Amino acid sequence: STPIRIGIAGYGNLGRGVEAAIAHNDDLELVGVFTRREPASVQTLRPETPVFAHDDLAARTADIDVLILCGGSKNDLPEQSPELAALFNIVDSFDTHARIPAHFAAVDAPARAAGKTALISSGWDPGMFSINRVYGEALLPDGDTYTFWGRGLSQGHSDAVRRVPGVAGGVQYTIPNEQAIAAVRSGSRPTLSTREKHTRDCFVVLAEGADAAAVREAIVTMPDYFADYDTTVTFISADELAQDHAAMPHGGFVIRSGNTGEGNSQVIEYSLTLESNPEFTASVLVASARAVHRLNQRGQVGAHTVFDVAPGLFSPKSAAELRAELL
Ligand code: NDP
């Protein structure tokens, strides 16, 4: 059968991850990368991957079955997803949780009008974690859902650290609290404060002449980002930052703990341990692209979330193969 033709819009960490993930999926074929930068300036992982200007997209609607949007959630996707959903079937990883309903509406109207299918907010959180939260709640209505993140590098918190005056560089790791996880796994359904669930570890390179105590104080008291957590600040050299903190690990747990019948305790857990957050997220996005292509072929247009996609649609296998092999 003919491969599903995929385009990548935006080439950062996630874009690179999608390029790599397509190579692991025989039923998908990469048309190329579309960037807002000068195409010749963009170095792809694979030398054979073509790079085109973002502005060329409108002329390529006949060549691309699904466009995977790899721009940032803050500034890129709110603009690009509605615009491109009018031209292509799209997948995005929009992860500003509070804005997802508005983003859905902004994408749904143009997609529907154009007969295109969009899957927004795919990835792992939102994405795979969301699916597991839904299953947990539906199966154990008398229960509590817990999400723990980490150990992982948080891009948003790392950016916040780097904006502190006197900081030349740095990263932030979110660490789930082992005691809190153990309490949740025991089925005791504890009430946990923000501080009890996660700690935050920062590794910081000081700028020339900066006051370490003042930098530490500015970080640990920062509202929204650190004030509600136990935060450690470790000062390191620029070399150590480059050598030991360049990887982008992440992961976490979704746990639903509930009671059934006369009070028997049931615990459901889904866990991810990721050496590369962008490569894993990208792997979810390419499976999502396959699902979007099939939904569109079935005439299911407009915006969707992972809740609206039947699990078998993510798989390259046919429904008959899945019944025979995985049920
Ligand atoms: P990046 O900052 O690496 O890339 C975002 C965009 O910035 C790219 O698409 C690219 O667009 C542009 N860009 C990248 N590198 C450069 C550069 N050197 N100079 C100028 N512009 C550049 O973001 P990520 O790929 O790490 O993440 C994208 C989004 O994915 C995040 O905002 C996050 O919201 C989301 N995400 C979602 C997850 C989930 O589970 N749902 C998990 C992880 C991330 P262009 O090529 O057009 O210039």
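See the structure shown above.
Residues numbered from 1 in each chain as written. Predicted model: local features only at pLDDT ≥ 70, side-chain atom pairs only at ≥ 80, totals over all residues. Heavy atoms only, no water.

**Some words on the overall build of the protein**
In terms of helices and strands, the protein carries 11 helices and 14 strands. Taking 2.2 N^0.38 as the reference for a compact globule, 327 residues should give roughly 20 Å; the C-alpha atoms of the protein span a radius of gyration of 22 Å, in line with that estimate. Counting the 327 residues in the protein, one finds 47% classified as buried. Partitioning the intrachain contacts of the protein with sequence separation of at least 6 by distance along the chain shows that 69% fall at a separation of at least 24. Within the structure as shown, the protein displays about 15,900 Å² of accessible surface, and the carbon and sulfur contribution to it stands at 50%. Of the charged side chains in the protein, 26 are positive and 40 negative, and the gap between their average positions amounts to 4 Å. (Helix = DSSP H or I, 4+ residues; strand = E, 2+ residues; numbered from the N terminus. Rg over C-alpha atoms; globule rule 2.2 N^0.38 Å. Buried < 20%, exposed > 50% of the residue type's maximum accessible area, 1.4 Å probe, protein only. Contact = heavy atoms within 4.5 Å. Areas by Shrake-Rupley, 256 points an atom, 1.4 Å probe, with all protein chains shown as cover. Lys, Arg positive; Asp, Glu negative; His and termini not counted. Charge placed at Lys NZ, Arg CZ, Asp CG, Glu CD.)

**What to know about the site of the ligand**
Surveying the vicinity of the ligand reveals 22 residues, the closest of which are Leu14, Thr35, Ser73, Asp95 and Trp124. Contact between the ligand and Arg37: an oxygen atom at 2.9 Å from a side-chain N or O atom of the residue. Here the ligand loses 71% of its free accessible area of 910 Å² to cover by the protein chains. Looking at the shell around the ligand, the elements with two or more residues in it are helix 1 (13-22) and helix 10 (277-297). Across the shell around the ligand, the residue classes tally to five nonpolar, 12 polar and five charged. (Near = heavy atom within 4 Å. Polar contact = N/O pair within 3.5 Å; in protein donor to acceptor, adjacent residues only side chain to side chain. Nonpolar A, V, L, I, M, F, W, Y, C, P; charged D, E, K, R; others polar.)

**So, the sheet that holds strand 1 (residues 4-9)**
Strand order across the open sheet formed by seven strands is 3-2-1-4-5-6-14, with parallel pairing between neighbours. A single partner strand is all that each edge strand has here, and the edge strands are strand 3 (51-53) and strand 14 (302-304). The average undirected angle you get between the axes of adjacent strands in this sheet is 25°. The sheet contact formed by strand 4 (residues 66-69) and strand 5 (residues 89-91) spans three bridges and is parallel. Residue pairing across strands places Val66 opposite Asn89, the latter belonging to strand 5. Where helix 3 (residues 100-114) meets the sheet, its contacts fall on strand 5, strand 6 (117-119) and strand 14, and the angle it forms with strand 14 comes to roughly 140°. (Pairing = 2+ DSSP bridges. Axes fitted to C-alpha atoms, helices over the stretch in contact; angles between N-to-C directions.)

**Some details on the environment of Ile8**
Its place among the elements puts Ile8 in strand 1. You can call Ile8 buried: its relative accessible area is 0%. For the pair Ile8 and Val33, spaced 25 residues apart in sequence, the C-alpha separation works out to 4.7 Å. Not counting residues up to four positions away in its chain, the partners in contact with Ile8 are Gly15, Val18, Glu19, Leu30, Gly32, Val33, Phe34, Leu67, Ile68 and Cys70.

**Describing the nonpolar core**
In terms of nonpolar packing, the biggest core is built from 28 residues, with Ile6, Val18, Val66, Ile68, Val286 and Val309 touching the most fellow members. Those elements that provide at least two residues to this core are strand 1, helix 1, strand 2 (28-35), strand 4 and helix 10. Core analysis: the second largest hydrophobic core is formed by 19 residues, Leu84, Ile90, Phe94 and Ile120 among them. (Core = buried A, V, L, I, M, F, W, Y, C linked by side-chain atoms within 4.5 Å.)

**Details of the layout of surface pockets**
By volume, the largest pocket is sized at about 1,700 Å³. Surrounding the largest pocket, 45 residues form its lining, Ser73, Asp95, Ser154, Gln155 and Gly156 being those nearest its centre. Among the secondary structure elements, those contributing two or more residues to the lining of the largest pocket are helix 1, helix 5 (155-162), helix 7 (194-197), strand 10 (198-206) and helix 10. By residue number, the principal contributor to the lining of the largest pocket is helix 5, which donates four residues. Per-class residue counts for the lining of the largest pocket are 12 nonpolar, 23 polar and 10 charged. Its boundaries defined by the atoms lining it, the second largest pocket holds a volume of some 250 Å³. Lining the second largest pocket, in full, are Met128, Ile131, Val134, Tyr135, Val284, Ala287, Val306, Phe307, Val309, Ala310, Pro311 and Phe314. Elements represented by at least two residues in the lining of the second largest pocket include exactly helix 4 (128-139) and helix 10. (1 Å grid on protein atoms, 1.4 Å probe; cavity = no way out; pocket = protein on both sides within 12 Å on 5 of 7 lines; lining within 4 Å. Points joined across faces, edges and corners; volume = space filled by probe spheres on them.)

**Side note on the pattern of salt bridges**
In this structure the tally under the stated criterion is 13 salt bridges. With a closest N to O distance of 2.8 Å, Arg133 and Asp125 form a salt bridge. For Asp125, a relative accessible area of 13% translates into the label buried. Here Arg195 and Asp230 are joined by a salt bridge, their closest N and O atoms 2.8 Å apart. Within this pair, whereas Arg195 is found in helix 7, its partner Asp230 is found in strand 11 (residues 230-235), the two being separated by 35 residues in sequence. Overall, the relative accessible area of 37% leaves Arg195 in the partly exposed class. Residues joined in a network through salt bridges with shared partners are Asp142, Asp144 and Arg189. (Salt bridge = Lys/Arg side-chain N within 4 Å of Asp/Glu carboxyl O.)

**With respect to unusual backbone geometry**
With an omega of 5°, the peptide bond between Asp125 and Pro126 qualifies as cis. With respect to the element layout, Pro126 can be found in the loop between strand 6 and helix 4. A cis amide bond, omega 0°, links Gly150 with the succeeding residue Arg151. By the secondary structure assignment, Arg151 is in the loop between strand 7 (143-149) and strand 8 (152-153). A positive phi is found at Arg189, a non-glycine position, where the angle reads about 50°.

It is worth stressing that arrangement in space is one thing and function is another; only the former is reported here.
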